[in-house]
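# Coordinate analysis (summary)
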Amino acid sequence: MTLPAPVPDITPETETFWKATATGRLLIQRCAECDRCVWYPRFLCPACHSTDLLWTAASGRGTVHSTTVTSRGILDYKDAGSYVLALVELDEGPKMLTNVVECDPAEVFIGQCVEVVFHDTGAGVALPRFRPVTEAAAIPGA
Amino acid sequence: MSIRGKAFIAGAYEHPGRELPDHSIPRIHAEVALGALADAGLTLADVDAYFCAADAPGLGGLAMADYLGLRVRYMDSSDMGGSVYLSHVGHAAAAIAAGKCNVALITLGGRPRTTSLRAPGQLMGAPPEAGFEPVFGLNVSAVYALAAARHVYRYGTTSEQLAEIKVAASLHAQHNENALLRKPVTVEQVVSSPMVSSPLHRLDCCVVTDGGGALVLVNEDIARGLDRRCVKVLGHGEAIEHSHGGWQDITVTGAVRSGRDAFEEARVTPADVDYVGLYDSFTITALLAIEDLGFCAKGEGGRFVLDGALHAPHGVLPFNTDGGSLCNNHPANRGGMTKIIEAVRQVRGEAHPAVQVPGCEIALAHGTGGWLTTRMGNATVILGREDA
């Protein structure tokens, strides 16, 4: 079954991030002071506490850091059945909670290479989810 | 002991805004924090104690500590309405006087003018992670499962090992006439129960119960005058852990720090502990606490719990002799209170005779509140048999 794509809570602080999802871009904040990337978006760097955070384009690639097939969805996911909730370590370093989609939930594994896909919420923004990188997609130019 | 002269207000800051339609509530907390710390000539990195009211968004103090990237060893988000900041000054001074912390930050932020968040109970607004967690279907068992899955991957922990924790709790619960689940279960029954969030099965999860509990603490003079056996609080430690901007190790909890502080204050070591009350919202919660409190090496928890290690009265580390949250009680979805209560029974020698640890001198109770993987409040208390 198709996962629900609920409309996120968008604030002035996160508006830039969500606007970019409409055009299929995954943005991440990088701290100008300590150079660390930060997830989730916010007003200050939680590592060095600088407020000089810059939006940069993420590669959209990462690896599965941990994963669970859950059947206990709540709220918008109450009737979602079994789905994958994963912690994906982005190539830029931070780990983000997300879903792994476009595959059998039982076949998602830690260490798996994944890439971002955007699921339209119907409200002008899209949810960044991830799918396994296929062999074909992994070959440059393929 | 008095707080007189033990603490000083070093920084104070009032936000200049009166209408802040473009600010999230967490951002307001951040701006006033930076303002007050700048006034004091300190930074967020200097802060080791955090105070806010219960109106802070999401998991309150935990959500704010996560957002701000605080390293907190003392937290208080108690509430008494608008006067609570005066109360927090008193609590902070007491904590400082007791050596629990050195730099306490107290923050207030809200937007009743430019939002509809005006009615009681609606003042908190959205937590900072609101746009980035619920939309992906995050639920409580799943965030615990993510930590468990990573532990399985990294250390080879098995479902059967996790199940041993539930088995021990169930063996204890059979003696507790008030326990919700009194029937002993086997490893096989745990691992064949329905999967909730892999690798956690239904029987890896705690019970859901109504109920409650309470404690009374008194000073030494009063304790001495009471006929009832009192239990000495030997040590305490607490630590907030969170996502560190996405750089967290999800197999490690704040018990590393809260346990260290509690042991240090109590002047005992894990080897001295006769009984443990471990937060067991899920089997993985207890397993991580066993490791992080230092009862075994990191990653060895799965092997440690084998061979009846947790069984009372004669296991290496008798735990949750009331049946814990896994079998007995998890009132209001909060398991910390019952962990202390059973530890008090053990130290008084008043646990059920079948599970009373003989000569129980030192008991430790540990709580892991909030959520693994994202943000959690960890607190450890060590109790001793010695009366006043």
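Counting of residues starts from 1 at the beginning of each chain's written sequence and follows it residue by residue. Here the convention is simple: chains get letters from A, ligands get numbers from 1, in the order in which they are written. In keeping with the model being predicted, local features are shown solely for residues with a pLDDT of at least 70 and side-chain atom pairs are shown and tallied solely at 80 or more, while totals for entire chains, interfaces and linings include all residues.

## What to know about the sheet that holds strand β3 (residues 53-57) of chain A
Strand pairs in the sheet, formed through backbone hydrogen bonds, run parallel or antiparallel to each other. All names here are of chain A. Being paired, for any two strands, means DSSP has found at least two bridges between them. Here a helix means four or more residues in a row that DSSP labels H or I, a strand means two or more in a row labelled E, and each is numbered from the N terminus. Taken together, the three strands give an open sheet; going across it, the order is β2-β1-β3, and neighbouring strands pair in antiparallel fashion. Among the strands making up the open sheet, the edge pair consists of β2 (37-38) and β3. Pairing between strand β1 (residues 27-31) and β2: two bridges, direction antiparallel. Pairing of Arg30 across the sheet is with Cys37, part of β2.

## A short note on helix α5 (residues 159-173) of chain B
One fewer than the residue count of a helix, multiplied by 1.5 Å, yields its expected span. End to end, α5 of chain B covers 21 Å across 15 residues, agreeing with the expected 21 Å (1.5 Å per residue, within 8%). Three exposure classes are used, all based on how many other C-beta atoms lie within 10 Å of a residue's own C-beta (placed from the backbone): buried at 20 or more, exposed at 12 or fewer, and partly exposed between those limits. Most of α5 of chain B sits inside the fold, with 14 of its 15 residues counted as buried.

## Looking at the packing of helix α1 (residues 25-40) of chain B against helix α2 (residues 61-68) of chain B
Residue and element names in this part refer to chain B. Between α1 and α2, the shortest axis-to-axis distance is 10 Å and the interhelical angle comes to 65°. The orientation of α1 relative to α2 falls into the category roughly perpendicular. Crossing handedness for the pair α1 and α2: right-handed. Between α1 and α2, the contacting residues are Pro26, His29, Ala30 and Ala33 on the first element and Met64, Tyr67 and Leu68 on the second. Each residue is assigned to one of three groups, with Ala, Val, Leu, Ile, Met, Phe, Trp, Tyr, Cys and Pro labelled nonpolar, Asp, Glu, Lys and Arg labelled charged, and all others, Gly among them, labelled polar. The class makeup of the residues in the contact of α1 with α2 is six nonpolar, one polar and no charged. To get an axis, fit a line to the C-alpha atoms, keeping to the stretch in contact for a helix; angles then go from 0 to 180 degrees between the N-to-C directions. Just so you know how the angles are binned, under 35 degrees is roughly parallel, over 145 roughly antiparallel, 65 to 115 roughly perpendicular, and the rest oblique. We call a crossing left-handed when the near helix sits turned anticlockwise from the far one by less than a right angle, and right-handed when that turn is clockwise. The contact criterion used is a C-beta to C-beta distance within 7 Å, with each C-beta placed from the backbone.

## Some words on the interface of chain A and chain B
If you look at the interface, chain A gives 43 residues, while chain B gives 39 residues. Put simply, the parts of the chain that give the side of chain A that touches chain B at least two residues each are β4 (61-70), β5 (83-90) and β6 (95-99) of chain A. Residue classes in the side of chain A that touches chain B are distributed as 24 nonpolar, 13 polar and six charged.

## Observations regarding unusual backbone geometry
Following Trp39 of chain A, the chain continues to Tyr40 of chain A via a peptide bond in cis, the omega torsion being 0°. Its place among the elements puts Tyr40 of chain A in the loop between β2 and β3. Of note, the amide linkage connecting Ala312 of chain B to Pro313 of chain B takes the cis form, showing an omega dihedral of 0°. For Pro313 of chain B, the position within the fold is in the loop between α10 (301-304) and α11 (324-328). Despite not being glycine, His244 of chain B shows a phi value in the positive range, around 50°.

## A closer look at the domain arrangement of chain B
Residue and element names in this part refer to chain B. As far as domains go, chain B holds domain 1 (25-136) and domain 2 (140-384). Domain boundaries shown here were taken from an automatic or database domain assignment. A separation of 28 Å is found between the C-alpha centroids of domain 1 and domain 2. Counting residues at the interface gives eleven residues for domain 1 and 13 residues for domain 2. Within the residue set of the side of domain 1 that touches domain 2, elements represented by two or more residues are α2 and β2 (74-76). For the side of domain 1 that touches domain 2, the element with the highest residue contribution is α2, accounting for four residues.

## Overview of the sheet that holds strand β7 (residues 275-278) of chain B
Residue and element names in this part refer to chain B. Taken in spatial order, the four strands line up as β6-β9-β8-β7 in an open sheet, and their pairing is mixed. Among the strands making up the open sheet, the edge pair consists of β6 (232-241) and β7. Across the sheet, the mean angle separating the axes of adjacent strands is 10° when strand polarity is ignored. Note: β6 against strand β9 (residues 375-384), nine bridges, orientation antiparallel. Along β9, the bridge assignment pairs Lys232 with Gly384. In the packing of α2 onto the sheet, contacts are made with β6, β8 (362-371) and β9, and the angle to β9 comes to roughly 120°.

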